[in-house]
Amino acid sequence: MAITRDQVLEVLKEVNDPELHRSVVELDMVKDIQIEGEHVTVTINLTVMGCPLKSKFERDVEAAVKKVPGVAKVTTLFGAMTPEEKAAVAAKVRGGDGGAPHASSAQKTMELAAKTTILGIASGKGGVGKSTSTVNLAMALKKLGYSVGIIDADIYGFSIPRMMGNMSRPEQLDDQMILPVWAHGIPFISAGSLVAEDQAIIWRGPMLGKMIENFLTNVQWGKLDYLLIDLPPGTGDVAL
């Protein structure tokens, strides 16, 4: 029996975008399916071409498509979404996340806190190892099988991107949805992911608060068991 496109699409419903936690079929990420005998080639449109989780996509697509009787070989190709396609994906994710599409920041934060254990790593003094403890704790939790993310709330003295070994900028799907940066299977966000290391940040309390609010509510964290917050030293605006 010949392999059909509908058969391939059906099994691809099992493949989720690892960042958005939605089926690639539901998010219209399957750009093309080519069938040549026992060989199936699937083209997936990524939100960003340099997606760090591309290898996971390849493994998941191959495992799913090989469930179709008669498939002997699977090739996964990748394309990149247009800004319009990214905006459409963001709208779908917001509409299907179980919360109100236009929920306030406070509501979004409460929803996050209801499903995720949030841990703040704090100290009244700088230079005592808060960031190091945060990264080591995140790696330990990851090794234990938990899903964990990191917010670098030390806006002036960020160090998480350098410690995690990824200085990339996050991908923004639209004006309300940001994809975190990934390293070692852990998503994180930091002011250091948004500005150059040698760029000074001169912000007062309200702007600092807005940045932390954006990190909590606009970053697409997905389903986390733990969210670690690396706080700046002292008891200033960010901690409050």
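The text that follows walks through the structure, step by step, so that each part is easy to find. This structure is a prediction, so every number in the text was calculated from the model and none was measured. (Residues numbered from 1 in each chain as written. Predicted model: local features only at pLDDT ≥ 70, side-chain atom pairs only at ≥ 80, totals over all residues. Heavy atoms only, no water.)

Next up on the list: the side chain of N218. Within the secondary structure, N218 is located in the loop between α7 (205-217) and β10 (226-230). Ignoring any residue separated from it by four or fewer positions in sequence, one finds N218 in contact with K108, Q176, M177, I178 and E213. (Helix = DSSP H or I, 4+ residues; strand = E, 2+ residues; numbered from the N terminus. Contact = heavy atoms within 4.5 Å.)

Turning next to the packing of aromatic side chains. The way to describe two aromatic rings as a pair is by their centre distance and the angle between their planes. Evaluation of the coordinates by the stated rule reveals two aromatic pairs. Summarising the aromatic geometry, the rings of Y146 and Y226 are spaced 5.3 Å apart at their centres and angled 90° between planes, so their arrangement reads as edge-to-face. Highlighted residues: Y146 in the loop between α5 (130-143) and β5 (148-152) and Y226 in strand β10, separated in sequence by 80 residues. (Phe/Tyr/Trp six-rings, centres within 6.5 Å; stacked < 30°, edge-to-face > 60°.)

Core analysis: the largest hydrophobic core is formed by 33 residues, its most contacted members being L12, V42, I44 and V65. Listed by contribution, the elements that provide at least two residues to this core are α1 (5-12), β1 (30-36), β2 (39-46), α2 (54-65), β3 (73-80), α3 (83-95) and β7 (177-179). Of all hydrophobic cores here, the second largest spans 21 residues; its members include L112, A191, V195 and L224. (Core = buried A, V, L, I, M, F, W, Y, C linked by side-chain atoms within 4.5 Å. Buried < 20%, exposed > 50% of the residue type's maximum accessible area, 1.4 Å probe, protein only.)

Moving on to unusual backbone geometry. Not every positive phi belongs to a glycine, and H21 is a case in point at roughly 60°. As for its position among the elements, H21 is in the loop between α1 and β1.

Turning our eyes to something else, we now look at the sheet that holds strand β8 (residues 181-183). The mixed open sheet is built from five strands, whose spatial order is β4-β10-β5-β9-β8. The sheet is open, and its two edges are formed by β4 (117-121) and β8, each paired on a single side. In this sheet, neighbouring strand axes are inclined to one another by 25° on average, regardless of whether the strands run parallel or antiparallel. In the packing of α5 onto the sheet, the strands contacted are β4, β5, β9 (186-190) and β10, and the crossing angle to β10 comes to about 170°. (Pairing = 2+ DSSP bridges. Axes fitted to C-alpha atoms, helices over the stretch in contact; angles between N-to-C directions.)

Let us now look at the sheet that holds β1. If you walk across this open sheet you meet the three strands as β1-β2-β3, and the pairing is mixed. Of all the strands in the sheet, the pair left with one neighbour each is β1 and β3. With strand direction ignored, the average angle separating the axes of adjacent strands in the sheet is 15°. As judged from the eight bridges shared by β2 and β3, these two strands associate in the parallel manner. Across the sheet, the residue bridging to I44 is F78, located in β3. Across the sheet, α1 touches β1 and β2, and the angle it forms with β1 is around 130°. Against the sheet, α2 touches β2 and β3, its axis set at about 140° to β3.

Just distances and angles here, no functional claims.
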